[in-house]
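# Residue-level structure breakdown
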Amino acid sequence: MAGMNVLIYQSSSRIPLGAAVTLEVLGPLILSVVASRRWTNLLWAGLALAGVVLLGGGGFDRLDPLGAAFALGAGGMWAAYIVFGARTGRRFPQADGLALAMAFGAVLSLPLGIAEAGGRLLVPSTVALGLAVALMSSVLPYTLELLALRRMPAPTFAILMSLEPAVAALAGFLVLSQALSAADALAIALVIAASIGAVRTRSKGPSSGG
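Residues numbered from 1 in each chain as written. Predicted model: local features only at pLDDT ≥ 70, side-chain atom pairs only at ≥ 80, totals over all residues. Heavy atoms only, no water.

This part takes up the overall build of the protein. Regarding its fold elements, the protein presents 10 helices and zero strands. Along its sequence from the N terminus, the protein presents helices and strands in the succession α-α-α-α-α-α-α-α-α-α. Sequence separation of 24 or more characterises 81% of the internal contacts of the protein that already satisfy a separation of 6 or more. Carbon and sulfur atoms provide 72% of the accessible area of the protein, an area that totals close to 11700 Å². (Helix = DSSP H or I, 4+ residues; strand = E, 2+ residues; numbered from the N terminus. Contact = heavy atoms within 4.5 Å. Areas by Shrake-Rupley, 256 points an atom, 1.4 Å probe, with all protein chains shown as cover.)

In structure tokens form, the structure reads like this:
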């Protein structure tokens, strides 16, 4: 969780939010393809790869390379979070496992925040804003995700989460005034289409109990 958050924030400070989340979501997509072990999912993975290549203008020359690398790293952390989050949800009946994970992640990331912001972290308005961001971007969504992971297979959850690029692109447009080109919108749509195709393919497969 700490690695995923730190990396995606570093990425979104360098490249548009929609592009960052599109690259990040490749982690859950690859997890679903590997876990499903169905050849048809390779087609969906290829479609997602085409979307990423399109997003990068054919050679990622339109994106900051470091920002793109941070987003891909966040995707790897996201895939690991899904795997371990599912196990945590089964091991801890309530949200206490999530609370422990968040507290540990905060301790790990605190030195980075101190090094970056220093004394500004002691400003009351900054602390209040940080608490609000923590509540809205971590505590609430991760709690809902943990509840969802208890009720569905991790690969299916990973694919459903890939709708986030569209939400991120919309948030970037409305909140951050980050315009999307037609190519960017098409790239995000390809990744989302690949995700939907993969989850439909998985749903048509044989049940685990059969």
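Summarising the element assignment, Glu24 is placed in helix α2 (residues 17-24). With sequence-adjacent residues up to four places away left out, Glu24 is seen in contact with Met4, Ile8, Ala71, Ala74, Gly75 and Trp78.

What follows concerns the nonpolar core. In terms of nonpolar packing, the biggest core is built from 28 residues, with Ile15, Leu23, Trp78, Tyr81, Ile82 and Tyr142 touching the most fellow members. Of all the secondary-structure elements, those providing two or more residues to this core are α1 (2-12), α2, α3 (26-36), α4 (40-55), α5 (65-91), α6 (96-117), α7 (124-149) and α10 (182-203). The biggest single contributor to this core is α5, with eight residues. Once residues within four sequence positions are removed from consideration, Ile15 is found in contact with Ala20, Leu23, Leu63, Asp64, Gly67 and Ala68. (Core = buried A, V, L, I, M, F, W, Y, C linked by side-chain atoms within 4.5 Å. Buried < 20%, exposed > 50% of the residue type's maximum accessible area, 1.4 Å probe, protein only.)

This brings us to the packing of α1 against α2. Relative to each other, α1 and α2 sit at 140 degrees, their axes nearing to 9 Å. If you check the angle between α1 and α2, you find them oblique. Both α1 and α2 take part in a crossing whose hand is right-handed. Residues Met4, Ile8, Ser11 and Ser12 of α1 pack against Leu17, Ala20 and Glu24 of α2. (Axes fitted to C-alpha atoms, helices over the stretch in contact; angles between N-to-C directions. Parallel < 35°, antiparallel > 145°, perpendicular 65-115°, else oblique. Left-handed = near helix turned anticlockwise from the far one by under 90°.)

Attention now goes to a nonpolar patch on the surface. Nonpolar side chains collect at one region of the surface, where Leu135, Met136, Val139, Leu140, Leu144 and Leu147 lie side by side and expose about 540 Å² of accessible area between them. Note that Met136 resides in helix α7. Met136 sits in the exposed class, given a relative accessible area of 57%. (Patch = residues over 30% accessible without salt bridge, like charges linked within 9 Å, V, L, I, M, F, W, Y side chains within 5 Å. Salt bridge = Lys/Arg side-chain N within 4 Å of Asp/Glu carboxyl O.)

All right, on to α2 then. Given 3.6 residues per turn, any residue in an α-helix points the same way as the ones three and four places further on. Most of α2 is tucked away, with seven of its eight residues classed as buried. Restricting attention to buried positions, one finds in α2 the residues Gly18, Ala19, Ala20, Val21, Thr22, Leu23 and Glu24.

For Leu147, the position within the fold is in helix α7. Judged by its relative accessible area of 36%, Leu147 falls in the partly exposed class. For the pair formed by Leu147 and Gln94, sequence separation is 53 residues and the distance between their alpha carbons is 9.2 Å.

Here we come to the confidence of the model for the protein. When the pLDDT values of the protein are averaged, the result is 76; 81% of them are 70 or greater. Confidence scores differ between elements of the protein, with helix α8 (residues 154-160) showing the lowest mean pLDDT of 64 and α1 the highest of 88. Per-residue pLDDT stays below 50 along residues 206-210; that stretch engages in one contact with residues further than four places along the chain or on separate chains. (pLDDT = per-residue confidence, 0-100.)

For the rest of this paragraph, the subject is the environment of Glu24. With a relative accessible area of 5%, Glu24 lands in the buried category. Sequence separation between Glu24 and Met77 is 53 residues, and the spatial gap between their C-alpha atoms is 9.0 Å.

Helix length check: α6 (22 residues) gives 30 Å between terminal C-alpha atoms against 32 Å at 1.5 Å per residue, within 8%. A bend of about 35 degrees at Ser109 is the largest found in α6, and the proline Pro111 appears one to four places after it. Every buried residue of α6 is listed here: Gly97, Leu98, Met102 and Gly105. Count one or two residues on from α6 and you reach Gly118, which has phi positive near 60 degrees. (Expected span 1.5 Å × (residues − 1). Bend = angle between axes of the 7 residues up to and from the residue.)

What follows concerns the environment of Gly67. Relative to the helices and strands, Gly67 resides in helix α5. Taking C-alpha positions, Gly67 is 6.9 Å from Gln10, a pair spaced 57 residues apart along the chain. Look past the residues within four positions of Gly67 in its chain and what remains in contact with it is Ser11, Arg14 and Ile15.

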